[in-house]
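Survey of secondary and tertiary structure
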Amino acid sequence: MPSFNGKRRFQCVNPVVSARCRQFILSSPTHAVECVSLLNDVRESKLIGLVQQNNEHALFIYSHRRMAITGDDVRLDEIIPISYDFSVVEVSSPDELAVVGADTRVRVTFFEEELELKLPFGSQTRLFLSEVNRAWSDVCEQYPKDEPKFDWLTKYRKMSKGARSLRKSIASTTVKMSQMKKSERAHAANNSGHKKEDERTRDSVHDSQERVKSEVRDDLIRNSQPILANKSQMLGMPQFGLRDNLIKCELLKNEDAYTYIKTYSFFLGTYNVNGQNPKESLSPWLASTATPPDFYLVGFQELDLSKEAFLFNDTPKEPEWMLAVYKGLHPGAKYALVKLVRLVGIMLLFYVKAEHAAHISEMEVETVGTGVMGRMGNKGAVAVRFQFHNSDICVVNSHLAAHTEEFERRNQDFKDICRRIQFRQDDPTLPPLTIMKHNVVLWLGDLNYRISDLEVDHVKDLIAKKDFEALYNHDQLKQQMDEEVVFVGFTEGEIDFQPTYKYDTGSDQWDTSEKCRVPAWCDRILWRGKNIKQLHYQSHMTLKTSDHKPVSSLLEIGIKVVNEESYKRKFEEIVRHIDRMENDCIPSVTLSQREFLFQDVKFMQHQAKTVTVYNDGQVPCQFEFIPKLEEPTYCKPWLTANPAKGFLAQGANVDIDLEVFVNRSTAPELNSGQQQLEDILVLHLDRGKDYFISVTGNYLPSCFGSSLSTLCLLREPIQDMPLETVRELSMKSNSQESNPETEKPQEIPKEIWMMVDHLFRYARKQEELFQQPGLRSEFEEIRDCLDTGSLDTLPGSNHSVAEALLLFLDALPEPVIPFSFYPQCLDCSSDSSQCRQIISVLPQCHKNVFNYLTAFLQELLKHSAHNRLDVSILAPIFAGLLLRSPTKQDLTEKRKVKEFFQHFLVQTTSDRDIDDKLQE
């Protein structure tokens, strides 16, 4: 094989690889990158190398097996000569171009063939594309007097897939070159014709933004130079982009031998803007440091409080605040926008000094909603992870549950965020990364922890005396961290500024509203990791846009930077060691246990057991759970193994958590008896044998995930009925068989009646009903009560009962309005009478439940002066549960679903009869 990156030549791991690699050796250096080919929405990992022979160039495209180790795992697929008929064009969308950290999409064409590839962000890609462009420019300069012959490619074509031509291999993706060029010319002409008009009508905010993005991106492209790649790229390069697992394991263990610590400054800021527009300069907050920081990580909460933002996750305030931030950055340096990530009103902006951008790689973002039903995005978190030089960094911006008494819900939100945020790795064979798997974790946001056990006047008196230490002892976050309930391993700097919430908007005056909120340090910044020093932690009282004050922290973080010479020495040492190892050593492991029984598994209640895998062989080994024959995944959907794959050094062990969790997708078949908690896991050792792990358990049937028709047939709580009876009734309800003399069904399921009746009696005047999440522990009590009939009155708060009702509707295998009626409902969504006609022909139990629920919601709206509910709040929440799409909805469908349901929240004469029944 050729050498890579123009610096480090390919080195084979063992003689088996060496023999294969010698077939490909060329004298001239090449450049190579990993990429993803895009074909009809199918993504396939590829390796692409620029190969030179004399003055001619060609692109070699390789495919590879997952977790490749030997040269046999690498396959030369195609060769694309770089001739006059070759071109490579960047086709990234405008949104991708606007963000420096986005991957690069390119279209490669050769004669009439076309291939689209996605290349990872970073200096390696920029260097590769610049070299390809240079090679093509050389051809153009010499054409036609010195047209390349490419005779030297003959021997390599024989090695590719049966000497297939490029035309054959990518025929399904090709288009006629002439058609493509005509299309591009027409598109360019169309853009030119509209350009002047667009420029005249574009508003000043958007114009400024585009100018900012363009300047920053152009500057980065001009100034970027080939640099020493980060850890991931370095470990990949020696094997032509493949991560040699044994070398990687040893390099990571010996990382201290070839890295040194260099400090960089990170500015972290958090600001709950209460749905306001930017009305003042942010410089007093963002440019408050004496010298310009290297990084900016700026988080916002409540960016937009409108119902449209909540429902459609779209807001015009995003570009306004984005521009305000850019204008407020420290004037002493040039900054590039690396990433923007937003979930409803939670937004995180990531800026970096332009000279550092080339050292950032492996960028991924994730969002998690922790609002009602654990999914709605009015509360939750956004996160970005990346590598800077050789350090992994994760930044989280979160907005946790509100209200003083809801500290347990905030604790739960934190745990849910940590559990549910999982970042995809560049190598699709590797398991996703959780937040805590990073060297450095930076957490900021409106955490909403309050001051407890003190009256408002006492709190204000302590603030006036600047006795923050006494006040801090009553801070809920401090108390929960002291008890190691949340943020274990995190550090927060000393708080020597007054609480940042709640003020009258536009002033420094404490809340004078009727509620007179107790001041609190809601807005916080914490960190986790080594070599971190806080230089300042402060609030910024001069900003008065919101009822919160922004907070900032300046951290000095030690980043691991690679010493290239030390790396080369260590790499060569490891390769020599591995070459001496016997190639025929068979890996083996010992398992602590091979049979696992999960007892009394319940709906949405997590259970976990641990198996310890010990490497008792003579060599490091790679393990992975693999699918059984003719099965798409390695386990049933209710089961996961964490980690599902990994590496074990000789004599090392790893604990693998086997986790069982039954949710709305898996509960229906378990309730009906179509599926059992039974599975066999196959643990495979690369170049070794397979180990089998048996997982069994008993699932306690639940009303959650059972059909309406089945529940209407159950006179007793579902867990009081014999399992066989429940299964028989499920089969009868599904086949719509019923004997009216002996099996007259109830009008509505008793479980729905219990939840609605509870809310009707106790929650008609409850504020934030169906918007404020309940507690997980209380939901479990409510579920058990419904499934066993153990209590006459439902336990838990009104919010927990309300969320249980939403979860119940969400878990129905067939929604209240059956899937088959969905297209009709959309078609007539604007006509009230037609909508009501559809409801009139629903199956009887479905019609009864729909009418019962809408009558209850109409009753809630009568008390809107107290509960502050209105149609615009209830419609989007219930519409998507009662009228669900069998496939993913687009925005147009969501609007029609909402419009359909709104007709039923306005009471008519027929509705009043139902309302009378409700009150009975």
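Residues numbered from 1 in each chain as written. Predicted model: local features only at pLDDT ≥ 70, side-chain atom pairs only at ≥ 80, totals over all residues. Heavy atoms only, no water.

Let's talk about the overall build of the chain
Secondary structure summary: the chain contains 30 helices and 29 strands in total. Per-residue burial for the chain yields a buried fraction of 55% across its 920 residues. Per element, the accessible surface of the chain, about 40,600 Å² overall, is 47% carbon and sulfur. (Helix = DSSP H or I, 4+ residues; strand = E, 2+ residues; numbered from the N terminus. Buried < 20%, exposed > 50% of the residue type's maximum accessible area, 1.4 Å probe, protein only. Areas by Shrake-Rupley, 256 points an atom, 1.4 Å probe, with all protein chains shown as cover.)

Topic: the nonpolar core
In this structure, Leu658, Phe770, Phe808 and Leu809 are the most contacted members of the largest nonpolar core, which totals 105 residues. Each of domain 3 (589-699) and domain 4 (814-919) contributes no fewer than three residues to this core. In this structure Leu658 touches Phe596, Phe598, Gln607, Ala608, Lys609, Val611, Thr640, Ala641, Leu681, Ile693 and Val695, once residues within four positions along its chain are discounted. Counting 49 residues, the second largest nonpolar core, distinct from the first, contains Val352, Ala357, Val384 and Tyr503. (Core = buried A, V, L, I, M, F, W, Y, C linked by side-chain atoms within 4.5 Å. Domains from an automatic or database assignment. Contact = heavy atoms within 4.5 Å.)

Observations concerning the sheet that holds strand β27 (residues 653-660)
What the 4 strands build is an open sheet, ordered β21-β23-β27-β25; its pairing is antiparallel. The open sheet terminates on both sides in strands that have one partner only, identified here as β21 (589-591) and β25 (639-642). Taken over all neighbouring pairs, the strand axes of this sheet differ in orientation by 25° on average, direction set aside. Where β25 and β27 come together, 4 bridges link them in antiparallel fashion. Looking at the pairing, Asn642 lines up with Asp657 of β27. (Pairing = 2+ DSSP bridges. Axes fitted to C-alpha atoms, helices over the stretch in contact; angles between N-to-C directions.)

A short note on the packing of aromatic side chains
All told, the structure shown has 33 aromatic pairs when counted by the stated rule. Each ring, one from Phe267 and one from Tyr296, has its centre 5.0 Å from the other, and the planes form 50°; the classification is tilted. With Phe267 in strand β8 (residues 259-272) and Tyr296 in strand β9 (residues 295-301), the pair connects residues that are 29 residues apart, well separated along the chain. Residue classification places Phe267 among the buried residues on the basis of a relative accessible area of 0%. Geometrically, the ring pair formed by Phe603 and Phe704 is stacked, given 5.4 Å between the ring centres and 15° between the ring planes. Placement of Phe603 in the loop between β22 (595-601) and β23 (607-615) and of Phe704 in the loop between β29 (690-699) and α19 (708-713) is noted, with a sequence separation of 101 residues between them. For Phe603, a relative accessible area of 1% translates into the label buried. (Phe/Tyr/Trp six-rings, centres within 6.5 Å; stacked < 30°, edge-to-face > 60°.)

Regarding the sheet that holds strand β19 (residues 532-539)
Pairing within the open sheet is mixed, and its 6 strands lie in the order β10-β11-β9-β8-β20-β19. This sheet does not close on itself; its edge strands, each paired only once, are β10 (335-343) and β19. Pairwise comparison of adjacent strand axes, ignoring direction, gives a mean angle of 20° for this sheet. With 8 bridges connecting them, β10 and strand β11 (residues 346-353) associate as antiparallel partners. When the bridges of β11 are listed, Leu337 appears paired with Tyr351.

Notes on helix α28 (residues 871-882)
Compared with an ideal rise of 1.5 Å per residue, which puts 12 residues at 16 Å, α28 spans 15 Å between its outermost C-alpha atoms and is within 8% of the ideal. Within α28, 9 of the 12 residues are buried, which leaves the element mostly enclosed by the surrounding structure. For α28, the set of buried residues is Ile873, Leu874, Ala875, Pro876, Ile877, Phe878, Ala879, Leu881 and Leu882. (Expected span 1.5 Å × (residues − 1).)

Observations regarding the pattern of salt bridges
This model, assessed by the stated rule, comprises 35 salt bridges. Connected through salt bridges with shared partners, the residues Glu131, Arg134 and Asp138 form a single ionic network. (Salt bridge = Lys/Arg side-chain N within 4 Å of Asp/Glu carboxyl O.)

What to know about the packing of α28 against helix α29 (residues 891-902)
Running from N to C, α28 and α29 point in directions that differ by 110°, and their axes come no closer than 8 Å. With respect to their mutual orientation, α28 and α29 come out roughly perpendicular. Side by side, α28 and α29 meet where Val871, Ala875, Pro876, Phe878, Ala879, Gly880 and Leu882 of the first sit next to Val897, Lys898, Phe901 and Gln902 of the second. When its residues are assigned to classes, the contact of α28 with α29 shows 8 nonpolar, 2 polar and 1 charged. (Parallel < 35°, antiparallel > 145°, perpendicular 65-115°, else oblique. Nonpolar A, V, L, I, M, F, W, Y, C, P; charged D, E, K, R; others polar.)

Taken by themselves, the reported measurements are silent on function.
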